[in-house]
Protein chains: 4
Amino acid sequence: MAEIKKIVLAYSGGLDTSIIIPWLKEQYPGCEVIGICTNVGQEEDWEALKKKAIASGASKIYVEDIREELVRDFIFPMLRAGAVYEGKYMLGTSIARPLQAKKQVEVALKEGAEAVAHGCTGKGNDQVRFELTYKALAPQLEIIAPWRVWDIRSREQAIEYAQKNNIPIGNISKKNIYSRDWNIWHISHEGGPLEDLWNRPEEDMFMLSCSPKDAPDKETEISIDFDKGIPVALNGKKMGPVELLTELNRLGGENGIGRADVVETRVVGMKSRGVYETPGGTILYTALRDLEMITLDAETLALKRQLAAKYAELIYQGKWFTLQRESIDAFMEKAGKYLTGTVRVVLYKGNVIIAGRKSKYSLYIEDLASFGESSYDHADATGFIKLYGLSTGVSAMVQKELDAEGGPADEMKEMARFSKK
Amino acid sequence: MAEIKKIVLAYSGGLDTSIIIPWLKEQYPGCEVIGICTNVGQEEDWEALKKKAIASGASKIYVEDIREELVRDFIFPMLRAGAVYEGKYMLGTSIARPLQAKKQVEVALKEGAEAVAHGCTGKGNDQVRFELTYKALAPQLEIIAPWRVWDIRSREQAIEYAQKNNIPIGNISKKNIYSRDWNIWHISHEGGPLEDLWNRPEEDMFMLSCSPKDAPDKETEISIDFDKGIPVALNGKKMGPVELLTELNRLGGENGIGRADVVETRVVGMKSRGVYETPGGTILYTALRDLEMITLDAETLALKRQLAAKYAELIYQGKWFTLQRESIDAFMEKAGKYLTGTVRVVLYKGNVIIAGRKSKYSLYIEDLASFGESSYDHADATGFIKLYGLSTGVSAMVQKELDAEGGPADEMKEMARFSKK
Amino acid sequence: MAEIKKIVLAYSGGLDTSIIIPWLKEQYPGCEVIGICTNVGQEEDWEALKKKAIASGASKIYVEDIREELVRDFIFPMLRAGAVYEGKYMLGTSIARPLQAKKQVEVALKEGAEAVAHGCTGKGNDQVRFELTYKALAPQLEIIAPWRVWDIRSREQAIEYAQKNNIPIGNISKKNIYSRDWNIWHISHEGGPLEDLWNRPEEDMFMLSCSPKDAPDKETEISIDFDKGIPVALNGKKMGPVELLTELNRLGGENGIGRADVVETRVVGMKSRGVYETPGGTILYTALRDLEMITLDAETLALKRQLAAKYAELIYQGKWFTLQRESIDAFMEKAGKYLTGTVRVVLYKGNVIIAGRKSKYSLYIEDLASFGESSYDHADATGFIKLYGLSTGVSAMVQKELDAEGGPADEMKEMARFSKK
Amino acid sequence: MAEIKKIVLAYSGGLDTSIIIPWLKEQYPGCEVIGICTNVGQEEDWEALKKKAIASGASKIYVEDIREELVRDFIFPMLRAGAVYEGKYMLGTSIARPLQAKKQVEVALKEGAEAVAHGCTGKGNDQVRFELTYKALAPQLEIIAPWRVWDIRSREQAIEYAQKNNIPIGNISKKNIYSRDWNIWHISHEGGPLEDLWNRPEEDMFMLSCSPKDAPDKETEISIDFDKGIPVALNGKKMGPVELLTELNRLGGENGIGRADVVETRVVGMKSRGVYETPGGTILYTALRDLEMITLDAETLALKRQLAAKYAELIYQGKWFTLQRESIDAFMEKAGKYLTGTVRVVLYKGNVIIAGRKSKYSLYIEDLASFGESSYDHADATGFIKLYGLSTGVSAMVQKELDAEGGPADEMKEMARFSKK
């Protein structure tokens, strides 16, 4: 193992990553620590953050606005795929990690660092997501994960260590009882009273959405245009990805939309609870699923939904930069080529109600599906059902002796012979 | 083909099946037509229905209350499986058909009939569901599907035929612009203004649920107990399946819950639109999915969800009495053996909000998942991630020449060699 | 429906399609019948075939050599995907139909025909494959399937009709007891004594392969190079797709390789038996699967194999020109980008024995997998297994009361408490 | 952690587990080491093994013949499922581990031991399989894995340690260059010259099968009867599981059957190569797959095959005692209820040739599938294909502008309008 002289740290500005700086310099005497913090849409005083990093001992601090790339190249492909982890978690934190780690690796390579470090604990998912990305993009880099190494085990000990090393602690107070992650797609809340699964989240925990109870008692109708599975316009107005998502977050948040209370299975095997707010994402996801149902044939739709679950697992598990994810995305891109159209959505007190949809690629043909007279020949169904049900009839005939449960009564069986015609 | 002397007809009391009676007697001179109508939870004047059947020419009319069997043996296993067609349709009509057809077959065998008949059109799913059940249970019976054979092509022609044959038409009026199917699990609405996908359903179409806008502006909190995936109690009070579902329908309906506006793919290949109200079912489904997430390990959960989609297809396509459905159910029964516990649910203006959950089989261990000190050894994660990410690192090393898209930049690749440690 | 004045017929030169020509002219008085026959690698006297078509009444006969396109654009992508129907049938007939039907549609459009016709019976798969391709590529064309319409029901009646219409019958003799389909990928045999599933195929039925018993009693070693999943060289010599496959057919056939005796499920629901000879294909398939195992990570491999089964169903069912097939192919192309390398194969009396494999993208690292000392740290496995087995341990603890079958004995359960460390 | 006073060791009689005994006594002063060795069908001098264990310092040695239970409760259910890992490895080692570990846990509980130990290295799969079983059955037991802890890193060091501790080494010689695992289902070979993937296995490595070249130059025909997916008779003679498998191993081995050269992906992420001999298993697997194809409808068959791949992964990964495995087995048991019948198999120089099959539950109806006249109405296929291809035609019509690749040529598209009838 080469000597570590330069380390690039994924810096958040919080207590956890601040104390890592002096700790690294202690562990690797003479080493230089460079921070990188990415703007993924969270609220932050960027100048204060930079100052704090330097005050904590960093030799340099990069701040990069990666919102556009995050939405365009990571979030919207995930949306197109329809990926939701365990059917409920919209992957807000998971989807940002590979890009954040990629930016960190780029800095490490540019700066000629020997190692990368992060502030994730040894119990969570994020350590896996950061490290799998490091391995995928620059396997030669040493990985340092202080929370798995040092003796600090609690917030109290961390504060103590900060004070001992003259790290500015800032507004860290007792009231921050939740562990949070915030970006342009969502905010997550973990810990504190949420650790009791019987507790309903307290209203003042939420940050991006009002309660359905407090939302306006009137409907807000909007329309969203998609092009090949990617949202491109709101109420008929073309928008870039960041603008569109920001506006939908505002609309969703105001109408009490996008809260999810989830007990999920972490990569490291344990169950944990997170409460998520994904206002804009929830609207987009609901709308796109509806558009899928008019533009995809049943078989493509079913397979796409099945692969979406796999795709969600990959994102959750930190496996973005893998052949499997790329291969599924190639499927999704092709399967998404007709996902073009407009969805009318009504927002009301937590509800996302589909009010209409249209597409030039709609497979719904009003004439075919109507109940009146049409060119569809009802008699065709006779031949169809005969062959569609052929194996059912043959099975019934040959298996008649056996079927006890769920099958026909004995007296039926006795009479059973295969229909003559 | 044997001569047809006795036919058992799935009779609904409506115009469509009423005119079938004289038509059958016309087609099969001298034959006897026996009706069977099942009480699946719809609102109906049973005495009037019986009279109407006889008045229309039936020699006999059976009415059977199959609600208990329907909920216990069909709906609740479907709920346990988590089956929802194309992610949105809760299969209200589909799940009743196999039992209704089974009852009809039982009557046919008891009465010694040569044929069974139904009133489904040649464009819908129900013809498939009825006939696959007939074939599965009594393949020797002749199947007669008048709507695929006769010349009647519209409601107007049907009324005309009824009048010509002195069939009592009753309260059939212009206002019944929708085609509906109603049972204890749901009501469906099709046709009329719904045929334009851009139209939002009109409020006065709905029958089991009020609009979220008209629902009370206060939360209703309830608790549901499940035993092995089957709901057994409401607010701590044990209830039979019919009572429990009926009560939940009332609560859900009052709170504007359970509406779904769906463009689905029919068995016969075309897209069609249905609007469904499934108030109690929506509450149960949401609650059970939450209970799953604390009691099933991630892998069992993922596979169960995948098989649920297949199971939903089978039900939709009329394949209840098949080896495949039975085999998936055997999986579901085993996988469901720990789905025992209680879910707290808040109902509010269309929202079903999970407010808490508990189970003696919960895999969530507060101590493990907390952020404070615990017995979990953070250092274990180091070895875990090394092996978990091993193939990612090896792939990065050996594939470095190729990866263009989505992969590391060239400068990274040049430096890439496998981490020494 | 427009008047039919010109019909393009998929002409094979055999009895079945020859009699269709006069029949069509009888049915559609004044219509012109144009034949198209594709050279897909079968043995045929093309000049004689052309003459026979004209003699049978065709106004024109197209003969097109589509072998190159068939192998390059249909067979090799299918090979790359690893598609085998029901795990046993290598899809030789199925894969040719969409291209044959596409060529026919191209002629129909060029000639301005109103209809296309084929000679498939109403019991087989090929009617579905032809017609789904017609519908996908030119839904406006009328489809004529004489075997589903006319009264001819047997070979004897067909010969009689031919004689009555002065159709040259040629060498049609009693010994052709099998129904066959032959192309560059395979030959199929159906019917005759094969209809009894207990009968072993007679040796003189086979046409492309000798019996393993008659094959040389010495090994033949060859090497095959693949590039991104496509075979490109044999024994180090670059070859085009037709040349390479032809040569492998020769080598495989001589060594008794590639026979499969299959009872498969037809699209129309019934079981049927086919015996297939696919000598070159069997070698290629075996070799490529081996190459996959060294170049694909386990998860991509598992998903690719799963999608291969789906892909095989699509090909079998005639759904080549569908969004689903295209989408899976996009997956396969991406997942196949590292399937580059060489496989050594030994052919011996029916056996295809893998004797070695190498790839610049091999994920097998000799050092890692060896049993001697290496850089791999055995201690990492401790942490790995602790987390990998975490949910197993937690499940054991919380579920201890329940597990009766397959689980631990009661006395174990009594002692069970979660391991402290 | 409680003090370790008694340890139960999975003892094999080989060098690796022999030296563990003194090492454990060194590490846990005053502790008692009890060995357990299971007879799973390997060749062994049991009395010598017992003496060696005691001579190495064990206080007691259990030897248990678990062959019957292994075949009946583990191997045959795996066979019924059709589980093969990565399509090639028949899981011979994997399937024995959970039962071996279960027996070890039973001894540990009976003896009141605090810990269990095994001799698996830190790079292999078996450590995972043993430890996941320990955790599933008795999570309270301490687990000791010396190979992950001690400094011994090679065979040479192990021999040295043995000599230092007066452990009888016996016939350990240079010629044992392979690492092997042998039981009634298979023998595996790893290491030595196999580590170079380009090397073909040397003929003298094999132990259970002769080379196809050395096998008799005449066919051996046998018949196998299955009952619900379980083999019950050979050549019409009922046999118990151990007898039947032993006899098939002999027949297969004599005829050069059942060799597989596999590069597989280990649980710990790395690729490794194993060469396996599974003579009887290969015959059984081939025969049962054939029986499946005549008794299962296509959809059940396809799903069973898909779940078999998952089931194989679970076995490979040591997850036998899990809810997921139990749930899949419930599926397999139900889906297997018609897998009853007889398969004729010809063995010849490495080939397993299906020569015939029959079942009272056969879904193959000779009359339906024949080419002559039958009750099947060809005209039914017309209606069938119309509906079966409906979505294809609709898609072609609505998507005509877009499809560039793989779709119809532009001139076709221009003409495209939906067929009128």
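Residues numbered from 1 in each chain as written. Chains lettered and ligands numbered in written order. Predicted model: local features only at pLDDT ≥ 70, side-chain atom pairs only at ≥ 80, totals over all residues. Heavy atoms only, no water.

The condition is simple: UniProt positions are given in the numbering used here, feature names are shortened, and annotations may be inferred rather than shown by experiment.
For chain A, an unreviewed UniProt entry supplies the name Argininosuccinate synthase and the organism Rarispira pelagica. Per UniProt, chain A carries the Sequence similarities (unreviewed entry) text "Belongs to the argininosuccinate synthase family. Type 1 subfamily."

## Notes on the overall build of chain A
Here is the rule we go by: Each helix corresponds to a stretch of at least 4 residues labelled H or I by DSSP, and each strand to a stretch of at least 2 residues labelled E; elements are numbered beginning at the N terminus. Only protein chains enter the accessibility calculation, which uses a 1.4 Å probe. A residue is then buried if its area is under 20% of the maximum for its type, exposed if over 50%, and partly exposed in between. A contact between two residues is defined here by any heavy atoms of the two lying within 4.5 Å. Shrake-Rupley sampling with a 1.4 Å probe provides the accessible areas, and residues are treated as covered by the protein chains on show and by no other component. Neither His nor the chain ends contribute to the count of charged residues, in which Lys and Arg are positive and Asp and Glu negative. The atom standing in for a charge is NZ when the residue is Lys, CZ when it is Arg, CG when it is Asp and CD when it is Glu.
The helix and strand tally for chain A stands at 14 helices and 14 strands. Taken along the three principal axes of its C-alpha coordinates, chain A extends 90 × 50 × 45 Å. By the burial criterion, 66% of the 421 residues in chain A qualify as buried. When contacts within chain A are restricted to residue pairs at least 6 apart in sequence, long-range pairs at least 24 apart make up 73% of them. Carbon and sulfur atoms make up 48% of the accessible area of chain A, which totals about 14500 Å². Put simply, chain A has 55 plus and 61 minus side-chain charges, and the middle of one group is 2 Å from the middle of the other.

## Brief notes about the relation of the copies chain D and chain C
What counts is decided by this rule: Least-squares superposition aligns the copies on the C-alpha atoms of those residues with pLDDT at or above 70 in both.
If you rotate chain D by 180° and push it 0.0 Å along the axis, it lands on chain C with an RMSD of 0.0 Å. In the structure described here, the two chain copies are related by an operation that fits a two-fold rotation axis. A symmetric contact is evident, with 98% of the interface residues of chain D recurring at the interface of chain C.

## Things to note about the packing of helix α8 (residues 279-295) of chain C against helix α9 (residues 298-316) of chain C
Residue and element names in this part refer to chain C. Selection criterion: Axes here refer to lines fitted to C-alpha atoms; in helices the fit is confined to the stretch in contact. Angles between the N-to-C directions go from 0 to 180 degrees. The handedness criterion is simple: a crossing whose near helix is rotated anticlockwise from the far helix by less than a right angle is left-handed, and one whose near helix is rotated clockwise is right-handed. Only Asp, Glu, Lys and Arg are considered charged in this grouping, and only Ala, Val, Leu, Ile, Met, Phe, Trp, Tyr, Cys and Pro are considered nonpolar; every other residue, Gly among them, is considered polar.
Direction vectors running N to C along α8 and α9 enclose 150°, while the axes themselves pass 9 Å from each other. Crossing of α8 over α9 shows right-handed handedness. Only Leu 301, Lys 304 and Arg 305 of α9 make contact with α8, whose side of the interface consists of Arg 289, Glu 292 and Met 293. A class-by-class count of the residues in the contact of α8 with α9 yields 2 nonpolar, no polar and 4 charged.

## Observations regarding the packing of aromatic side chains
What counts, and what does not: Stacked, edge-to-face and tilted labels apply to pairs of Phe, Tyr and Trp rings (six-membered ring for Trp) whose centres lie within 6.5 Å, assigned for plane angles under 30 degrees, over 60, and everything in between, in that order. Our definition puts a charge over a ring when NZ of Lys or CZ of Arg is within 6 Å of the ring centre and also within 35 degrees of the ring normal.
All chains considered together, the criterion is met by 42 aromatic pairs over all chains. Geometrically, the ring pair formed by Tyr 89 of chain D and Tyr 276 of chain D is stacked, given 4.1 Å between the ring centres and 25° between the ring planes. Of the two residues, Tyr 89 of chain D is situated in the loop between α3 (67-81) and α4 (92-111) and Tyr 276 of chain D in strand β12 (residues 271-277); the sequence distance between them amounts to 187 residues. In terms of burial, Tyr 89 of chain D and Tyr 276 of chain D fall into one category: buried. Feature note: the residues Tyr 85, Tyr 89, Tyr 276 and Tyr 316 of chain A constitute an aromatic cluster, connected by ring pairs. The ring of Trp 198 of chain B is capped by Arg 344 of chain A, whose NZ or CZ atom sits 5.5 Å from the centre of that ring.

## Section: the interface of chain B and chain A
Put simply, the rule is: When two parts are put together, the accessible area they lose, computed with a 1.4 Å probe and summed over both, is reported as buried area. Salt bridge, as applied in this entry: a Lys or Arg side-chain nitrogen positioned within 4 Å of an Asp or Glu carboxyl oxygen. Polar contacts here mean pairs of N or O atoms no more than 3.5 Å apart (in protein, one a potential hydrogen donor and the other a potential acceptor; neighbouring residues in sequence count only if both atoms are side-chain atoms).
The interface of chain B with chain A comprises 114 residues on the first partner and 116 residues on the second. Counting each side, the surface lost to burial between chain B and chain A is near 10400 Å², with a carbon and sulfur contribution of 59%. Inspection of the chain B/chain A interface yields 8 salt bridges. Between Arg 200 of chain B and Glu 219 of chain A there is a salt bridge, and its shortest N-O distance comes to 2.8 Å. The tally of links between chain B and chain A comes to 28 residue pairs in polar contact (both at pLDDT 80 or more).

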